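Per-entry structural report
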Amino acid sequence: MSKSSSQAVLIVGIILISINLRTSIASVGPLIPFIREDLGISNGLAGFLTTLSLITFAIFSLFAPTIGKKLGHGKAIFFGISLLSFGVILRVLGGVELLYFGTALTGIGIVIANVLMIPFFKARIPEKIGLMTALLSTGMSLFAAIASGISVPLAEDLGLGWRGSLVAWVGLMILALIAWIPQLKARGSGHQGDLLPAKNVWKSRLAWQVTLFMGAQSVMYFTMITWLPDMLIARGMSPVKAGLALSYMQLISLIGTFFAPSLLIRLRQQSGVVLGVGLGYLIGYGALFLHHELITFGALTIIGVGSGASLSIAYTLISLRTAEDLTTAKLSGMVQSAGYVLAALGPLVFGVSLDVFDNWNILIWFLLAMTVQFIYFGLPAGKDKKI
């Protein structure tokens with residue numbers, strides 16, 4: 001197979017892997033009422049399904065680099081998607097126990113593939129890091145939105161029920177596994193980074209700056225998608241329109257998700273882009289203080305584009321701030337582990353604050369505080385340095 005054909009096969013594989021890294025999570029939320037009614041579980045236990053995924057992400061992000069080192073990144077990614085597929089099937093085969101056990105397996109499978117994708121394509125096609133990062137993050141975000149939108153129609157309109165709706169995504173996972181088979185035997189790029197030992201990222205100031213930057217953007221994203229509709233409804237917006245506002249913010253984010261990596265790769269330093277996105281967040285969140293529908297949608301446009309760009313910036317910095325492939329894998333694990341811990345805590349912290357103060361403006365102040373952290377850690381993380 002020629003080099004161009006080999007790269008084309010690899011790119012198709014990366015796209016198909018990326019679209020499977022969020023569907024099994026995003027498809028659950030809209031189906032929780034169906035799951036709760038069928039299995040007779042409480043709201044708390046139903047809501048824990050999402051929390052369980054974030055917990056497994058946080059824990060197993062730390063082990064993914066070791067799995068990648070043992071199996072090789074290509075085989076480890078194949079193993080991760082296989083585990084994801086098995087978990088998706090298992091969780092619909094029985095009662096509550098299988099539901100939670102299968103959900104945990106899906107989380108482990110996702111995070112293995114997610115953590116190792118960045119070091120994998122950095123080693124294989126380093127000249128296309130920007131494009132590959134854009135495809136990875138865009139595929140994840142786009143199909144998360146699609147999965148959220150069609151889960152209920154699959155369950156109700158097509159008569160699949162919640163079990164059939166959840167398991168329907170296995171077809172795409174099998175397709176991804178088939179497309180990934182050529183990567184099981186493919187060798188790395190052979191550059192010096194393959195041979196050098198990994199640095200201790202946990203002792204690196206720069207690694208912590210990248211990690212806390214990722215944490216800030218994760219907190220903002222998950223807090224917004226959790227609480228934005230409730231805030232808008234509390235201000236008098238209809239539930240339907242509030243849901244559309246959230247969908248709009250997520251769809252508009254694809255602009256930033258796709259175009260940011262290509263821009264970042266061309267720059268010697270990325271701090272200016274971080275500052276620009278951070279200032280956009282300050283304007284967007286600040287505009288939410290004004291109770292005007294048109295201004296709100298304008299603010300969500302700015303926030304959405306910034307949200308998409310932020311995820312791509314974080315993924316791109318993992319590649320740009322490391323020299324050795326093993327260090328890239330370890331930084332990817334560290335960044336995503338801390339990011340998911342903070343992502344799980346963010347909505348909870350605000351929820352407690354809302355109970356105490358009963359004031360939705362606290363949400364905006366909370367997001368503005370996270371923006372300050374985003375800028376504070378993002379500026380040094382964007383400088384031209386290596387761990």
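Reading the values: the criteria
- Residues numbered from 1 in each chain as written.
- Predicted model: local features only at pLDDT ≥ 70, side-chain atom pairs only at ≥ 80, totals over all residues.
- Heavy atoms only, no water.
- Helix = DSSP H or I, 4+ residues; strand = E, 2+ residues; numbered from the N terminus.
- Rg over C-alpha atoms; globule rule 2.2 N^0.38 Å.
- Contact = heavy atoms within 4.5 Å.
- Areas by Shrake-Rupley, 256 points an atom, 1.4 Å probe, with all protein chains shown as cover.
- Lys, Arg positive; Asp, Glu negative; His and termini not counted.
- Charge placed at Lys NZ, Arg CZ, Asp CG, Glu CD.
- Axes fitted to C-alpha atoms, helices over the stretch in contact; angles between N-to-C directions.
- Parallel < 35°, antiparallel > 145°, perpendicular 65-115°, else oblique.
- Left-handed = near helix turned anticlockwise from the far one by under 90°.
- Nonpolar A, V, L, I, M, F, W, Y, C, P; charged D, E, K, R; others polar.
- Domains from an automatic or database assignment.
- Buried area = accessible area lost by both parts, 1.4 Å probe.
- Salt bridge = Lys/Arg side-chain N within 4 Å of Asp/Glu carboxyl O.
- Polar contact = N/O pair within 3.5 Å; in protein donor to acceptor, adjacent residues only side chain to side chain.
- Phe/Tyr/Trp six-rings, centres within 6.5 Å; stacked < 30°, edge-to-face > 60°.
- Buried < 20%, exposed > 50% of the residue type's maximum accessible area, 1.4 Å probe, protein only.
- Core = buried A, V, L, I, M, F, W, Y, C linked by side-chain atoms within 4.5 Å.

Per an unreviewed UniProt entry, the protein goes by the name Transporter and belongs to Algoriphagus sanaruensis.

As for the overall build of the protein
Each helix and strand in the protein was counted, giving 17 helices and 0 strands. Over its C-alpha atoms the protein spans a radius of gyration of 20 Å, differing by no more than 12% from the 21 Å that the globule rule assigns to 387 residues. Principal axes of the C-alpha set define a box for the protein whose edges measure 60 × 50 × 35 Å. For the protein, long-range pairs separated by at least 24 residues make up 84% of all intrachain contacts whose partners lie at least 6 apart in sequence. Carbon and sulfur atoms provide 69% of the accessible area of the protein, an area that totals close to 16,000 Å². Of the side chains in the protein, 25 bear a positive and 14 a negative charge, and the two mean positions are spaced by 17 Å.

A closer look at the packing of helix α12 (residues 205-234) against helix α13 (residues 239-266)
With their axes 8 Å apart at the nearest point, α12 and α13 run at an angle of 155 degrees to one another. One way to sum up the angle between α12 and α13 is to call them roughly antiparallel. Seen along the crossing, α12 lies across α13 with a hand that is right-handed. Here α12 contributes Y221, M224, I225, L228, P229, L232 and I233 to the contact with α13, which in turn contributes P239, A242, A245, L246, M249 and Q250. Among the residues forming the contact of α12 with α13, the class breakdown is 12 nonpolar, 1 polar and no charged.

As for the domain arrangement of the protein
Each assigned domain of the protein is listed with its residue range as follows: domain 1 (3-183) and domain 2 (203-382). Here domain 1 and domain 2 have C-alpha centroids that lie 22 Å from each other. Tallying the contact residues gives 28 residues for domain 1 and 28 residues for domain 2. Buried surface at the junction of domain 1 and domain 2, both sides included, amounts to about 2,500 Å², of which 72% is carbon and sulfur. Counting every contact that joins domain 1 to domain 2 gives 0 salt bridges. Our count for the contact surface shared by domain 1 and domain 2 stands at 9 residue pairs in polar contact (both at pLDDT 80 or more). When residues of the side of domain 1 that touches domain 2 are traced back to their parent elements, those giving at least two are α4 (43-60), α5 (64-71), α7 (96-124) and α8 (129-156). No other element matches the 12 residues that α8 contributes to the side of domain 1 that touches domain 2. Looking at the side of domain 1 that touches domain 2, its residues break down into 17 nonpolar, 8 polar and 3 charged.

Considerations on the packing of aromatic side chains
For the coordinates displayed, the defined rule picks out 15 aromatic pairs. Their ring planes at 90 degrees and their centres at 5.3 Å tell us that Y281 and F374 sit as a pair that is edge-to-face. With Y281 in helix α14 (residues 271-287) and F374 in helix α17 (residues 361-381), this residue pair connects regions lying 93 residues apart in the sequence. With respect to burial, Y281 and F374 carry one shared label: buried. Their ring planes at 85 degrees and their centres at 5.0 Å tell us that Y376 and F377 sit as a pair that is edge-to-face. By relative accessible area, Y376 is classed as exposed at 58%.

Some details on the environment of S310
Turning to its location among the elements, S310 is positioned in helix α15 (residues 293-320). The sequence separation of S310 and T23 amounts to 287 residues, and the corresponding C-alpha distance is 20 Å. If sequence neighbours within four positions are ignored, S310 has contacts with F213, Q217, V277, Y281 and F374. Among the polar contacts made by the side chain of S310, one reaches the side chain of Y281 at a distance of 2.8 Å.

Some remarks on the nonpolar core
By size, the foremost hydrophobic cluster in this structure holds 104 residues, and its most contacted members are Y285 and F374. For this core, the leading source of residues is α12, giving 13 residues. Both domains that meet at this core, namely domain 1 (3-183) and domain 2 (203-382), each give it at least three residues. Setting aside anything within four residues of it in sequence, one finds Y285 in contact with M220, M224, I303, I364, L367, L368 and T371. With 16 residues, the next largest nonpolar core counts V28, I35, A46 and L99 among its residues.

Looking at the pattern of salt bridges
All chains considered together, the criterion is met by 4 salt bridges. Its salt-bridge partner being K199, residue E324 comes within 3.4 Å of it at the nearest N-O pair. Taken as a pair, E324 in the loop between α15 and α16 (325-357) and K199 in the loop between α11 (182-185) and α12 lie far apart in primary sequence, 125 residues in all. With its nearest N and O atoms 3.1 Å apart, the salt bridge here joins E293 to K241. Taken together, the residues E293 in helix α15 and K241 in helix α13 connect sequence positions 52 residues apart. Residue class for E293 comes out partly exposed when judged on its relative accessible area of 39%.

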